[in-house]
Amino acid sequence: MTGLLDAIIQGILLGGLYALFATGLSLMFGVMRLVNLAHGDLIVLAAFVILAVTEKLGVDPFAAVVLAAPILFAIGFGLQHLLLNRTLGRDLLPPLLVTFGLSIIIQNGLLQMFSADSRRLRSGAIETASVSLGGDIAVGVVPLLTLASAIAVIVALNFIFYRTSIGRAFRATSDDLDVAQLMGIDVNRTFATAMGIAFVVIAIAALYLGLRANFDPTIGPARLLYAFEAVIIGGLGSFWGTLAGGIILGLAQTVGAHIDPEWQILSGHLAFLVVLVLRPRGLFPRAVD
Amino acid sequence: MPLLSTHNLTAFYGDFQALYGIDLGFDAGETIAIIGANGAGKSTFLKAIAGLIPSRPDSVLLDGQPIGAKRAADIVKLGIALVPEGRRLFPSLTVEENLLIGGHGRKLPGPWTLDRVYGLFPVLKERRASAAPILSGGQQQMAAIGRALMSNPRVLLCDEISLGLAPIVIADIYAALPQIKTEGTSVVLVEQDIVQAMKAADRVYCFQEGRVSLEGRPGELSRDQIHRAYFG
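Keep in mind that what you see is a predicted model, and the values were worked out from it rather than measured.

## With respect to the overall build of chain A
Stage number 1. Across its full length, chain A holds eleven helices and two strands.
Stage number 2. Relative to a compact globule of 289 residues, whose C-alpha radius of gyration would be 19 Å, chain A shows 19 Å and is just as compact.
Stage number 3. Counting only C-alpha atoms, chain A reaches 60 × 50 × 35 Å along its principal axes.
Stage number 4. A buried classification covers 49% of the 289 residues belonging to chain A.

## A few points about the overall build of chain B
Stage number 1. Secondary structure summary: chain B contains ten helices and ten strands in total.
Stage number 2. Taken over the C-alpha trace, chain B has a radius of gyration of 17 Å; the compact-globule value for 232 residues is 17 Å, and the two agree within 12%.
Stage number 3. Long-range pairs, those at least 24 residues apart, make up 67% of the contacts in chain B between residues at least 6 apart in sequence.

## As for the pairing of strand S10 (residues 211–216) of chain B
Residues and elements named next belong to chain B.
Stage number 1. Relative to S10, strand S9 (residues 203–208) is paired through five bridges, and the arrangement is antiparallel. Within S10, the position partnered with Phe-207 by the bridge is Val-212.
Stage number 2. Between S9 and S10, which pair antiparallel and follow one another directly, the connecting turn spans two residues, one of which, Glu-209, has a positive phi of 50°.

## Remarks on the sheet that holds strand S4 (residues 60–62) of chain B
Residues and elements named next belong to chain B.
Stage number 1. Strand order in this open sheet of four strands is S2-S1-S4-S5, and the pairing throughout is antiparallel. A single partner strand is all that each edge strand has here, and the edge strands are strand S2 (16–26) and strand S5 (65–66).
Stage number 2. Where strand S1 (residues 4–13) meets S4, three bridges bridge the pair, whose relative direction is antiparallel. Among the inter-strand pairings, Leu-4 is bridged to a residue of S4, identified as Leu-62.
Stage number 3. Strands S1, S2 and S4 of the sheet are contacted by helix H1 (residues 42–50), whose axis makes an angle of about 70° with S2.

## Focus: the sheet that holds strand S7 (residues 155–159) of chain B
The strands making up a sheet associate through hydrogen bonds between their backbones, and the pairing can be parallel or antiparallel.
Residue and element names in this part refer to chain B.
Stage number 1. With mixed pairing, the six strands of this open sheet are ordered in space as S6-S7-S8-S3-S9-S10. Pairing within the sheet leaves two strands with one partner each, and these edge strands are strand S6 (80–83) and S10. Adjacent strand axes in the sheet meet at a mean angle of 20°, parallel and antiparallel pairs treated alike.
Stage number 2. Summarising the sheet, strand S3 (residues 31–36) and strand S8 (residues 186–190) pair through four bridges and their orientation is parallel. When the bridges of S8 are listed, Ala-33 appears paired with Leu-189.

## Notes on the interface of chain B and chain A
Stage number 1. On the side of chain A, 16 residues touch chain B, which itself brings 22 residues to the contact.
Stage number 2. At the level of elements, helix H2 (72–75) and helix H3 (95–102) of chain B are the ones that each hand at least two residues to the side of chain B that touches chain A.
Stage number 3. Sorting elements by how many residues they give to the side of chain B that touches chain A places H3 of chain B first, with four residues.
Stage number 4. Class assignment for the residues of the side of chain B that touches chain A results in twelve nonpolar, five polar and five charged.

## Regarding the environment of Thr-242 of chain A
Stage number 1. Structurally, the position occupied by Thr-242 of chain A is in helix H10 (residues 239–259).
Stage number 2. Separated by 187 residues in sequence, Thr-242 of chain A and Glu-55 of chain A have C-alpha atoms that sit 33 Å apart.

## Notes on the confidence of the model for chain B
Stage number 1. Of the residues in chain B, 100% reach a pLDDT of 70 or more, and the chain-wide mean stands at 93.
Stage number 2. Scored as a whole, the predicted complex attains pTM 0.91, and scored at its interfaces, ipTM 0.92.

Rules of the game
Residues numbered from 1 in each chain as written. Chains lettered and ligands numbered in written order. Predicted model: local features only at pLDDT ≥ 70, side-chain atom pairs only at ≥ 80, totals over all residues. Helix = DSSP H or I, 4+ residues; strand = E, 2+ residues; numbered from the N terminus. Rg over C-alpha atoms; globule rule 2.2 N^0.38 Å. Buried ≥ 20, exposed ≤ 12 C-beta atoms within 10 Å, placed from the backbone. Contact = placed C-beta atoms within 7 Å. Pairing = 2+ DSSP bridges. Axes fitted to C-alpha atoms, helices over the stretch in contact; angles between N-to-C directions. Nonpolar A, V, L, I, M, F, W, Y, C, P; charged D, E, K, R; others polar. pLDDT = per-residue confidence, 0-100.

Next comes the structure, spelled out in structure tokens:
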């Protein structure tokens, strides 16, 4: 019984990581209707950037994220402004092709620069620290921080979206591109800002990816798949839905693994399929279309 | 010099030409109405002025300055606001947020504030926290006009503001026009409802197949003239 309870707790915490993967994707789709096939690779790229900063400057990964966040915001802003905005339009294919190409470029670029070796972010004692919950159950500090960060990111994004004028512009632009321009909204700049924010979320996701497990340049596409599943389970357009989607995915994986370790990945996908059959629009859909 | 004028303005949707050289102009504070059958190019004309359809730089002049090639987001900052056909409020924004976003691009303070828009259309204040789509058609139209006013326009372009509304609601909305005009704002009304348009306008233009087929003051145009200009 303790084993199952443990699996459930670990699943919820793992869900925090998947929610972090998914939130950036949810933001990009929510504002720009952009399906970013390079999302997983961007997370891996950010993990390597954090790794490089920690090694070059000799700082802790947490400090490295804070240092890297403005740079990643600028990269995201530039990527959207100079490249991705040109692909957006009535045709859905160009952004898919371009982000697919980006994915390949990032993977091979990382292989070239960092080799195919598995790497890890090191943060000293916190990596192995844990909190006892009584009985035989203990939870790691890093997984706890992961979930707490996911919640904090979503609270922050909801604040931006529903309490600030740039958030109002995000929602208006997502609703109606033409009329948004009639309001004096510079759509290209608005999209670029959204992508900059998404890149900061990507950096936070990358931090926990690198702290919790090994990473190498090829693991991006699998992270993309988890992120997609979390977004779809939660329903398009709702950040809290995305968190719920991540947690459901995490739970399904750990509970599946508890039954039989071979079932871990499969049961996650099965949970996704079940939700898709029962609630095709996800659990908490917000988007109108 | 007129406040806004168009000179041989043409517009295309791909290969299809919708406007064949429109020459039109009006002064500050003037209200003009554009009437004409479906497909005559009335809405296209408004979209071209607002910058949603590209045109040659010197085919639209504001204060004598060419603005034809500017983007919609820049044109609204110059003082031209469009109330789009079908209202097109932002469905995921509340009424108040819809009004606030109307002032998104404005740099200078002007006569129109949230409070003044609520003064013009008190019902919007009651429904300020409602999501835009649950408003009645008339309330949505008021919100769409208020949203455009929030940019403090010198020129207010209104595309079919009476479309699909009950006559009593239309009367309410048209009753707001004099207040809008007291700020020196010029109003361009595109209307199917000829009677309403003639009552409100200082001058009337009739469009037919992308050309101006008739122009004059409402009192000076005969029923017969309008009929011919409308249907050819």
